[in-house]
Amino acid sequence: MIKFIILLTRNPALSQEQFVEYHKSVHANLFMSIPVVKDTVRRYIQQHRIDAELPGMPPMKYDGLTELWFDDVESLARCFSDPEYMERIRPDEESFLDLHSCDFVVSTENIVKP
């Protein structure tokens, strides 16, 4: 299983609460409505930052993350290069994210403790 993890930075015009609400209530439904997503995404998880200061750790840099699971890298590439994704989803992402400040990781997992 391939995991695509996107470290999210919200559009600075939105509060954290507005960002979370939009991501959960609007973007998730729109993303899941695209046929290529239904065909390729095996699992979709959203996580959002909570206010927590940890001793010895720097302030959090990201507002949340999205974790998407795919069968393989080819499925991941097919999803994000799909014309409908580019036409409908990418503009939506630009409305609530600062895309140039987001980061991502493509990975496999190594379970240390199940």
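Right above here is the structure, for reference.
If you're wondering where the values come from, they're calculated on a predicted model, not measured in any experiment.

Calculation notes
- Residues numbered from 1 in each chain as written.
- Predicted model: local features only at pLDDT ≥ 70, side-chain atom pairs only at ≥ 80, totals over all residues.
- Heavy atoms only, no water.
- Core = buried A, V, L, I, M, F, W, Y, C linked by side-chain atoms within 4.5 Å.
- Buried < 20%, exposed > 50% of the residue type's maximum accessible area, 1.4 Å probe, protein only.
- Helix = DSSP H or I, 4+ residues; strand = E, 2+ residues; numbered from the N terminus.
- Contact = heavy atoms within 4.5 Å.
- Salt bridge = Lys/Arg side-chain N within 4 Å of Asp/Glu carboxyl O.

**Here's the deal with the nonpolar core**
If you look at the biggest cluster of nonpolar residues, it comprises 22 residues, and the most contacted ones within it are Phe 31, Leu 68, Phe 70, Cys 79 and Phe 80. For this core, the secondary structure elements donating two or more residues are strand 1 (2-8), helix 1 (16-32), helix 2 (35-40), strand 3 (64-70), helix 3 (73-81) and helix 4 (83-96). When residues no more than four places from it in sequence are discounted, the contact partners of Phe 70 are Met 1, Ile 2, Phe 4, Thr 40, Val 41, Arg 42, Ser 75, Leu 76, Cys 79 and Phe 80.

**Considerations on the environment of Arg 43**
Note that Arg 43 resides in strand 2 (residues 43-48). Under the relative-accessibility criterion, Arg 43 is labelled partly exposed at 42%. Measuring from C-alpha to C-alpha, the distance between Arg 43 and Glu 67 comes to 7.8 Å, with 24 residues separating the pair along the chain. Non-local contacts of Arg 43, meaning those with residues more than four positions away in its chain, are made with Glu 67, Leu 68 and Trp 69.

**Examining the pattern of salt bridges**
Side chains that carry opposite charge are capable of pairing whenever their charged atoms lie near each other. With the rule as written, the count across this model stands at seven salt bridges. Close ionic contact of Arg 88 with Glu 84 constitutes a salt bridge, the shortest N to O distance being 3.1 Å. Placement of both Arg 88 and Glu 84 in helix 4 is noted, with a separation of four residues, approximately one turn of the helix. Salt bridges sharing common partners tie together Lys 3, Glu 67 and Glu 109.

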